[in-house]
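The primary structure of each chain is shown beneath.
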Amino acid sequence: MSETGSSKGRTTRRGFLTGAAAVGGSLAATGLVRPAMAESDPENQPPNVADWSKYLGEGVDARPYGTPSEYESHVVRRNVAWLTASPESSVNFTPLHELDGIITPNGLCFERHHSGIAEVVPSDFRLMINGLVDKPLIFTMEDIKRFPRTNKVYFLECAANSGMEWRGAQLNGCQFTHGMIHCVMYTGVPLKHILEEAGLKTNAKWIMPEGGDASGMNRSIPLEKALDDCMLAFAMNGEALRPEQGYPLRLVVPGWEGNMWVKWLRRIEVGDEPWHAREETSKYTDLMEDGRARRFTWAMDCKSVVTNPSPQAPLLHKGRNVLSGLAWSGRGTVDRVDITLDGGKNWRHARIDGPSFDKSVHRFYYEFDWNGEPLLVQSRAIDSTGYLQPTKNELRAVRGTNSIYHNNGIQTWHVRENGEVENVEIS
């Protein structure tokens, strides 16, 4: 365990040595740190004419579906092998440190599966509405697309995002500590239109969406939320859902934990009480210090993280630098983000740039000069309800360390003199 001085006492690397080894030992050796640029060739630099300017390139039919440059091939989702039992019930994390703006590219949206990716034949797909309705209905995809459509930008965050950090700094990478989140524009139909078409009984109070994958994923959702802003989404960022994101249809539950956003949606049952399914009893409950479990803590609280610099995105230059990060709240928008470079001794306002949508991520920046001195970098967000993102110790004082869900505590990155960055905690 190493220590460095700070205004709040001791900075620890608890879990860094073991956690980083578990992820794969040396991050640089496994390609987890952003690679340096391809070796430069003076012959391609001004005043010379570069090779790519001398010859015809590929034609328009060479890449019928566009792909990133070969020099960006390291920008991919990654998993942590020891976190889950098998690839079919696992997580692939979004490379947040490689992205900018607020929209996540479709091919980089994190994956969480309970029984692998269901490959649904769209012509055979059906959505059933049953239970406490006036007329049980079955819809095809063509039926659903005939209802009024809407386009909304929302974040989707797994309740277990940052879950391994409850007892101390564990995973040495922003991709792994916070990468169970993405933000896209969804196109779909407000769920209320479908429910109203079936007709709701007067005693209807809950719905139970069910997935078409082998696990039959299901959750209980209050009818009030279903009629408010839930969507049946069939497109993301302008194209059909990817198979790993629930093609051809998924539920969107804005601001609430991702486990409720049922993929490969095949049925919605309407009832008068919650179903107490596996995913809301033995899982996705908040185990408190005294052994009791809080249930139905659906909303994702205000949270932020500095994505650059971070362990996979070290500082490479002294002098002018741009700090960047993401902030979000499941209860509204983010009004302000503060940044500290000295572990909380001094806080400064970051600059939020780009659109500010309800229940969407917000991009923030802070320009600063770095002289090579060690830094303790943190961010804290304040949302439109006035909620201030707490420290990890403030969360632990209330909930203990037994939980793995809903950790929205402030993240600390230790920037060393050589620009390398580690996941640490300040006590």
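Analysis parameters
- Residues numbered from 1 in each chain as written.
- Predicted model: local features only at pLDDT ≥ 70, side-chain atom pairs only at ≥ 80, totals over all residues.
- Heavy atoms only, no water.
- Core = buried A, V, L, I, M, F, W, Y, C linked by side-chain atoms within 4.5 Å.
- Buried < 20%, exposed > 50% of the residue type's maximum accessible area, 1.4 Å probe, protein only.
- Helix = DSSP H or I, 4+ residues; strand = E, 2+ residues; numbered from the N terminus.
- Contact = heavy atoms within 4.5 Å.
- Arc of directions from axis to C-beta.
- Domains from an automatic or database assignment.
- Buried area = accessible area lost by both parts, 1.4 Å probe.
- Salt bridge = Lys/Arg side-chain N within 4 Å of Asp/Glu carboxyl O.

Further remarks concern the nonpolar core. The biggest cluster of nonpolar side chains holds 57 residues, and the ones touching the most others in it are Leu127, Tyr186 and Leu191. The greatest single-element share of this core, amounting to six residues, is contributed by strand S11 (residues 231-236). In this structure leucine 127 touches Leu137, Ile138, Phe139, Ile144, Leu232, Leu249, Leu265, Arg266, Arg267 and Ile268, once residues within four positions along its chain are discounted. The next biggest cluster of nonpolar side chains, apart from the first, holds 32 residues, and it includes Cys183, Met300, Val306 and Trp370.

Moving on, we come to the environment of isoleucine 144. Within the secondary structure, isoleucine 144 is located in helix H2 (residues 141-144). The exposure class assigned to isoleucine 144 is buried, which follows from its relative accessible area of 0%. The spacing of isoleucine 144 and alanine 233 is 89 residues in sequence and 9.8 Å in space, taken between C-alpha atoms. Apart from the residues within four sequence positions on either side, isoleucine 144 is in contact with Phe125, Leu127, Phe139, Val189 and Leu249.

Before going further, it helps to examine helix H4 (residues 191-198). Every buried residue of H4 is listed here: Leu191, Ile194, Leu195 and Ala198. Down the axis of H4, the smallest arc covering the buried residues is 95°, so these residues share one side.

With that out of the way, let us pick up the domain arrangement of the chain. According to the domain assignment, the chain consists of domain 1 (112-294) and domain 2 (303-424). Placing a centre on the C-alpha atoms of domain 1 and another on those of domain 2 gives a separation of 29 Å. With 38 residues of domain 1 at the contact, the number on the domain 2 side is 35 residues. For the domain 1 and domain 2 pair, buried surface summed over both sides reaches about 3200 Å², with 55% attributable to carbon and sulfur atoms. Seen at the junction of domain 1 and domain 2, the total is three salt bridges.

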